[in-house]
Each structure stands twice: as C-alpha cells, then as structure tokens.
Amino acid sequence: MEKECWQQKGGGHRGRLRDRFLEKGLDGFTDAEVLELLLTFGTPRSDCKEQARALLAFFGSLAAVLEAPVSQLQKVKGVGPKNSIALHFVHAVARRYLRERLRGKRYLHSSREVTDYLQHALRGLKKEVFMAIFLDSSHAIIETEVIAEGTINVNTVYPRELIARAMALHAAALIIAHNHPSGALKPSPQDLHLTRTLFIICSWLQIQLLDHLIIGDGYFSFADNGLMSNIKDESAILLTSIA
C-alpha cells in the first residue's frame, strides 16, 4: 500500500511537470526540473528528482549533462541504461534539428545559427572533430558534414577528400570548423598551417574558404579576427605564380 501511495504521488508530480510544459514550455523550469522530466521518459514510473539533482552536481550544468556520454551518465547513482539513453537521445535530436534548420539558409544572414549548431555539435567532445559547411554560389547552406576525427592537422584532414566532397555537392564556398577539447580558443600553429593550405587549394579550384571556426569555451572566428585576410594576403604571391 505504501508503495502504491508513493507511486501515485510521484505520478502526480510527473503529471504536473508535463502539464506545465504543455502550457508554458520550459519557461519557469529549473535545470533540475528539465532533467527530471527527461529522465521520466526512460523510467516513467520512478521518481527522478534525486537523480536529476545528482546529475547536475556531478557534471556542473545542464549542458554538460546533455553532452556527457552514456557511460559517464551511468556513473551517477540511480541513472541506468534506459534514462541515460533518454538524455543522450534528446541531445542527438537537438543536434539534428539545428543542422536541418540551416539547410537552404544564407550563411551571412544565419551566422549566429551556424555558430549555435557548431557549439552544440562540437563543444564538450573528448576528441577533436573537423567539420565543413558547404555553400552554394549565393552562400546558401547546402550541407554540414564531419570530415575527420582525431588530432586535427594537415596530415589527418586530407584536402582531396574535402575538395572531392565539395565538388560532389557543387559547393562554391566552404566554412570549416573544429573543436578544442581543452576549451582553449587560440589557434595553434597547426590550425594556421591547415587553414593556409586549404585556402590555397580552394582558391586554385575557385572555391572560397570563408572562415575557420574553433569551438571551445565559446568560439573563435578566423574571419572576425582578421586571420582570413592575413592568409589571403600571404597566399596572393603563390596563387599568382600558380596562375
């Protein structure tokens, strides 16, 4: 009887959370309540309040919880395979939604959305991931794709593969991006070398390399900080000699 009363009480609380969301969305929800509601999708008959609070205490923020691998989530007491997958799944859905929302939009009018997507997709990863955003001649976004994973340098990001994909998509311009797992935003010498190499190859094939974004604790834009202009100037003599 006591168990039935506890389940009924927990069910009423979960129901009230769902009703609040349906009526007002997430406005007024604490991070703990957001996690609590997500956890109930994996364990609908359990009270998930303590697990939600424990997750926040363990990872430090809602974003960190959603970005955590399933194996890490399950280190928190009370979080098992079912509700950890529910948390991981919603993060994957959000990433796909943000990517799909970009298609067809002009980059110059949607740079904030591009950055939002890249930060969602790349921030907090334990390994470096290199992505490319392919644009048409009017700078409308055709596709976003992962090109390489691991240590990002000119030896692991093969220019021919990037260019082959750009040609297959009939892309006229590119934006490249990668993450720094350390959170640091300062471009490394390898980042600068890679960008310069790709800029020269793209220019020779009449494809514009518009920007290189680094995602860490925030983001760094080569274009916004004048580095793309510097690379263009440095490459001008070489490109002229090739032509």
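About the criteria used
Residues numbered from 1 in each chain as written. Predicted model: local features only at pLDDT ≥ 70, side-chain atom pairs only at ≥ 80, totals over all residues. Heavy atoms only, no water. Salt bridge = Lys/Arg side-chain N within 4 Å of Asp/Glu carboxyl O. Buried < 20%, exposed > 50% of the residue type's maximum accessible area, 1.4 Å probe, protein only. Pairing = 2+ DSSP bridges. Helix = DSSP H or I, 4+ residues; strand = E, 2+ residues; numbered from the N terminus. Core = buried A, V, L, I, M, F, W, Y, C linked by side-chain atoms within 4.5 Å. Contact = heavy atoms within 4.5 Å.

Trainee: Can you lay out the pattern of salt bridges for me, pointing to particular residues and giving the numbers?
Mentor: Taken as a whole and judged by the stated rule, the model has 12 salt bridges. The closest approach of N and O atoms between Glu100 and Arg99, which form a salt bridge, is 3.6 Å. Note that Glu113 and Lys105 form a salt bridge whose closest N and O atoms lie 3.0 Å from each other. For Lys105, a relative accessible area of 31% translates into the label partly exposed. Shared partners join several salt bridges into a network, and the residues in it are Arg99, Glu100, Arg103 and Glu143.

Trainee: Quick rundown of the pairing of strand 2 (residues 141-149)? Include the residues and the values.
Mentor: Here strand 1 (residues 129-135) runs beside strand 2; their pairing, made up of 7 bridges, is antiparallel. In the sheet register, Leu135 faces strand 2, and the bridge partner there is Ile141.

Trainee: Lay out the nonpolar core in plain terms, naming residues and giving numbers.
Mentor: By size, the foremost hydrophobic cluster in this structure holds 24 residues, and its most contacted members are Phe130, Phe134, Leu162, Leu174, Leu198, Leu209 and Phe222. Those elements that place two or more of their residues in this core are strand 1, strand 2, helix 8 (159-168), strand 3 (173-179), helix 9 (189-204), strand 4 (208-216) and helix 10 (227-242). By residue number, the principal contributor to this core is helix 9, which donates 4 residues. Leave out the neighbours within four places in its chain, and Leu209 touches Leu174, Ile176, Thr195, Leu198, Phe199 and Met228.

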